Amino acid sequence: MGQIKAAAMNFKTPFYVIHKNELDDNYKKLTSALEKHWNNYIIGYSYKTNALPWIIKHFDSLGCYAETVSEDEYELAKLVGVTKNKIIYNGPIKTKESFLEAVQNECIVNIDSQREIDWLDEVKEEKKSIGIRINFDIEKMCPGQSQCPNEGGRFGFCYENGELGKAIKQIREKKVNISGIHLHTSSKTRSLDIYRAIANVACKVKEEFSLDLDYVDVGGGFFGGLSTKPQFGEYISIMEDILAKSFDKKKTKLIIEPGMAVIGAPISYVTSVIDMFIIQR
Ligand SMILES: Cc1ncc(COP(=O)(O)O)c(C=O)c1O
C-alpha cells in the first residue's frame, strides 16, 4: 500500500498497479487445480474484464486463449498477436464477416443466436464445426443466486422452452458438427452450487441430444485470489465429480473463461481525491 501511495505521488492518476507476482501465483493455483482434476483444459482469459494490452498479452504468454465477445475484442486479440485459432468467440453481436472468419480459422466459436445458424450456410464444407451457448433456468436450480431472477438469461438457446433442441436440430440438418457447449452463467454469489448446476446441465444436455463433445465450456464467474472465498480446487473438483460420469476426460476438454478470478484481486486502481463536500443532515 505504501508503494502504491508513493507511485501515486509520481504518476498522473488514475492508473492501475498490477501485482505481477500475485497474479502469477494465483494463476498457477488455477492451472494446478485444473491439472489435478481435469488435465485436459483450456483457459480463455475474458477480454471484457480488463483488456489492457499488457494484461491480454501476459495471459497469452501464460498459454491462455483470448475469450472475446465482439468483433472489436476479436480484432484486438489478432492485433496483439494471439495465434489465430487460440481465440474463443462468444456473444450475440458477432458480425457475419468475423463469425465466418473465426469458424474458418478454427477458433472456438459458440453460436449465440438464430442468425449465426443461418450464416453457417456460408461456411466452407470441411470446416463445419461449432459450439452452442446454452441458456438454462439457473434460478430454479440455485434459488436466489442468479443475476436476473425474473428476466431469465439473455444469452444462448433456452433448454427448458425447447429452443435449444430446435437449434441443435437445425444445425445438424446443415451437416455441421456440434463440437462444444457453452454454459457461462453470471451469478450474484459465485458459489460452488452454480458450478454443480452447470455440470449437471452439461451432462443432461449431452445425454438427451446424444452429443459427442470436444469441449464443455463452463465460462467464468469464479472467485479467485481471495482466501475467504471458494478456491479453484473446490470449483473444479465439484465439476469433475459430476462431469466424469458423462464425459471422458481424455476426449472432452474443460474450458473455463475467468476474468475477475484472475485479474480482480491482483490489481489496484489508483486515483486521487481532488475535492470534497460535506452533506448537511
Ligand atoms: C461469456 C463470459 N465468459 C467469461 C466471463 C468472465 O466472468 P468473470 O469476470 O465473472 O469471471 C463473462 C462475464 O460476464 C462472460 O460473459
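1. Details of the packing of helix α2 (residues 20-37) against helix α10 (residues 232-243)
Right, on to step 1. Between α2 and α10, the shortest axis-to-axis distance is 9 Å and the interhelical angle comes to 25°. Between α2 and α10, the interaxial angle falls into the category roughly parallel. The chirality of how α2 crosses α10 is right-handed. Of α10, the residues touching α2 (which contributes Asn 26, Lys 29, Leu 30, Ala 33, Leu 34 and His 37) are Phe 232, Gly 233, Ile 236, Ser 237 and Glu 240.
Right, on to step 2. Grouping the amino acids of the contact of α2 with α10 by side-chain chemistry returns five nonpolar, four polar and two charged.

2. Let's talk about helix α8 (residues 163-173)
Right, on to step 1. Listed in full, the buried residues belonging to α8 are Leu 164, Ala 167, Ile 168 and Ile 171. Taken down its axis, α8 places every buried residue within 100° of arc, on the same side. Along α8, the residues that are exposed and aim more than 90 degrees away from the buried face are Lys 169 and Glu 173.
Right, on to step 2. Buried residues along α8 sit against β5 (108-111), α6 (114-119), β6 (129-135), β7 (157-158), β8 (177-182) and α9 (192-208).
Right, on to step 3. Positive backbone phi, approximately 60°, marks Lys 175, located one or two places after α8.

3. What to know about unusual backbone geometry
Right, on to step 1. Going from Thr 13 to Pro 14, the amide bond is cis rather than trans, its omega being 0°.
Right, on to step 2. When you line up the elements, Pro 14 lands in the loop between α1 (2-10) and β1 (15-18).
Right, on to step 3. Even without a glycine there, the phi angle at Glu 106 is positive, about 65°.
Right, on to step 4. If you trace the backbone, Glu 106 turns up in the loop between α5 (96-104) and β5.
Right, on to step 5. Here Lys 175, not a glycine, exhibits a phi torsion of approximately 60°, which is positive.
Right, on to step 6. Secondary-structure assignment places Lys 175 in the loop between α8 and β8.

Calculation criteria
- Residues numbered from 1 in each chain as written.
- Predicted model: local features only at pLDDT ≥ 70, side-chain atom pairs only at ≥ 80, totals over all residues.
- Heavy atoms only, no water.
- Axes fitted to C-alpha atoms, helices over the stretch in contact; angles between N-to-C directions.
- Helix = DSSP H or I, 4+ residues; strand = E, 2+ residues; numbered from the N terminus.
- Parallel < 35°, antiparallel > 145°, perpendicular 65-115°, else oblique.
- Left-handed = near helix turned anticlockwise from the far one by under 90°.
- Contact = heavy atoms within 4.5 Å.
- Nonpolar A, V, L, I, M, F, W, Y, C, P; charged D, E, K, R; others polar.
- Buried < 20%, exposed > 50% of the residue type's maximum accessible area, 1.4 Å probe, protein only.
- Arc of directions from axis to C-beta.

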